[in-house]
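# A look at the structure
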Amino acid sequence: MSTTRTADLHGEAVTYEVRRSEKASQTRIDAGLEGITLVIPAGLEIDPDDIMAEKADWVLRQRDRYARYREEMPERRFEEGECFPVLGEERPIRIKPDAESRVMEDEIQLSASRVESTSIQDELERLYRETAREHFTARADHFCEVMGATYEQIQIRNQKTRWGSYSPRTGTLSLNFRLLMAPPEIVDYVIAHELAHEEHPNHGSRFWRLVAQHVPDYQERGEWLEKNGHRLVFE
């Protein structure tokens, strides 16, 4: 259950969502492209505005940061001739009479018959997911070989706030298909990062040492994703 409230933070009215959670053990404030959310453990009696006021400076910085990100997000148009990035390179959409859709070096070719039976957006997403699975699998296999890591399966997902995850319990490597829009070195960073969790579930010093062995400039790649991830949109 969630409610919407407005708090006065340093003289500015900030609208935020309050969500009660059975799973939460402590209060936290989440910020993202969708806005600000205050998560409160179920049953805890507390004034939401007081929590927001305590973190006013941080909340205002995050609000302004994500407002800027929303302005910078590209407006996707699913039309022939529009450009979409694949591994960091912009490629125009071309509708072709071929039976199969494919990503070429200089363009994205969509099958006319497939587009007619669905839509440009649906067929483009299907192709992205298919291409992502092929590329991610190849890179995951590479890093498994050099890192001594393993995985059981790869799941291709479309999460709003996460680029990847790894479950040591099931051996499932989950990756966001929109990551295919990023440059190859960013894809490699995310995959190496997630596979490192097989040996180190947390983000302690040993975890980062392992990542650094295989992606020495991981900090720069992580910063790139932090600053540009909002541009990798498909909607």
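Residues numbered from 1 in each chain as written. Predicted model: local features only at pLDDT ≥ 70, side-chain atom pairs only at ≥ 80, totals over all residues. Heavy atoms only, no water.

## Thoughts on the overall build of the protein
Stated formally: Note on conventions: DSSP H or I runs of at least 4 residues are helices, E runs of at least 2 residues are strands, and numbering of each starts at the N terminus. A simple rule labels every residue: compare its accessible area, found with a 1.4 Å probe on the protein chains alone, to the largest value its type can have, and call it buried under 20%, exposed over 50%, or partly exposed in between. Note on contacts: a residue pair is in contact if any heavy atoms of the two residues lie within 4.5 Å. Using a 1.4 Å probe, accessible areas were evaluated by the Shrake-Rupley method; residue-level cover was limited to the displayed protein chains. Residues scored as positive are Lys and Arg, those scored as negative are Asp and Glu, and His as well as the terminal groups of each chain are ignored. We put the charge of a Lys on NZ, of an Arg on CZ, of an Asp on CG and of a Glu on CD.
Along the backbone of the protein there are seven helices and 11 strands. With the C-alpha coordinates aligned to their principal axes, the bounding extent of the protein is approximately 60 × 45 × 30 Å. For the protein, the proportion of its 235 residues judged to be buried stands at 43%. Considering only intrachain contacts with a sequence separation of at least 6, the fraction spanning at least 24 residues in the protein is 44%. Accessible surface, the protein: about 13200 Å² in total, of which carbon and sulfur atoms supply 43%. The average position of the 32 basic charges and that of the 45 acidic charges among the side chains of the protein differ by 3 Å.

## What about the pattern of salt bridges?
For side chains of opposite charge, pairing can occur when their charged atoms come near one another. Put simply, the rule is: Counted as salt bridges are all cases of a side-chain nitrogen of Lys or Arg within 4 Å of a carboxyl oxygen of Asp or Glu.
Counting across every chain of the model gives 17 salt bridges. Between R231 and E72 there is a salt bridge, and its shortest N-O distance comes to 3.4 Å. Of the two residues, R231 sits in the segment after α7 (218-228) while E72 sits in helix α2 (residues 56-72), which places them 159 residues apart along the sequence. Look at E72 and you get partly exposed, because its relative accessible area is 29%. Residue R114 pairs with E100 through a salt bridge whose shortest N-O separation is 3.3 Å. Here the residue R114 occupies a position in helix α3 (residues 112-117), and E100 occupies one in the loop between β6 (89-96) and β7 (102-103), the gap between them amounting to 14 residues. Salt bridges linked by common partners bring E100, R114, E123, R126 and E130 together as one network.

## Here's the deal with the packing of helix α4 (residues 120-147) against helix α5 (residues 184-196)
In plain terms, the rule: Fitted lines through C-alpha atoms give the axes, limited to the stretch in contact for helices. The angle between two N-to-C directions lies from 0 to 180 degrees. What sets the label is the angle itself: under 35 degrees gives roughly parallel, over 145 gives roughly antiparallel, 65 to 115 gives roughly perpendicular, and the rest give oblique. By definition, turning the near helix anticlockwise from the far helix through less than a right angle yields a left-handed crossing, and turning it clockwise yields a right-handed one. As a working rule, the residues Ala, Val, Leu, Ile, Met, Phe, Trp, Tyr, Cys and Pro are called nonpolar, Asp, Glu, Lys and Arg charged, and the rest polar, with Gly in that last group.
Between α4 and α5, whose axes approach to 10 Å, the crossing angle comes to 50 degrees. Here α4 lies oblique to α5, going by the angle between them. In the crossing of α4 with α5, the sense of the turn from one axis to the other is right-handed. Counted together, H135, F136, R139, A140, F143, C144 and M147 of α4 and V187, D188, I191, A192, L195 and A196 of α5 form the full contact between these two elements. Of the residues that constitute the contact of α4 with α5, the class distribution is 10 nonpolar, one polar and two charged.

## Describing the sheet that holds strand β4 (residues 35-41)
Note the threshold: Strand pairing follows a simple DSSP-based rule, namely that at least 2 bridges must link the two strands.
Read across the open sheet, the four strands follow the order β1-β2-β4-β3; overall the sheet is mixed. Each edge of the open sheet carries a strand with a single partner, namely β1 (2-9) and β3 (28-32). Pairwise comparison of adjacent strand axes, ignoring direction, gives a mean angle of 30 degrees for this sheet. As defined by bridge partners, strand β2 (residues 12-21) adjoins β4 across five bridges and the pair is classed as parallel. The residue of β4 that forms the bridge with V18 is L38. Strand contacts of α2: β1, β2, β3 and β4, with the helix running at about 20 degrees to β3, the strand carrying the most contacts.

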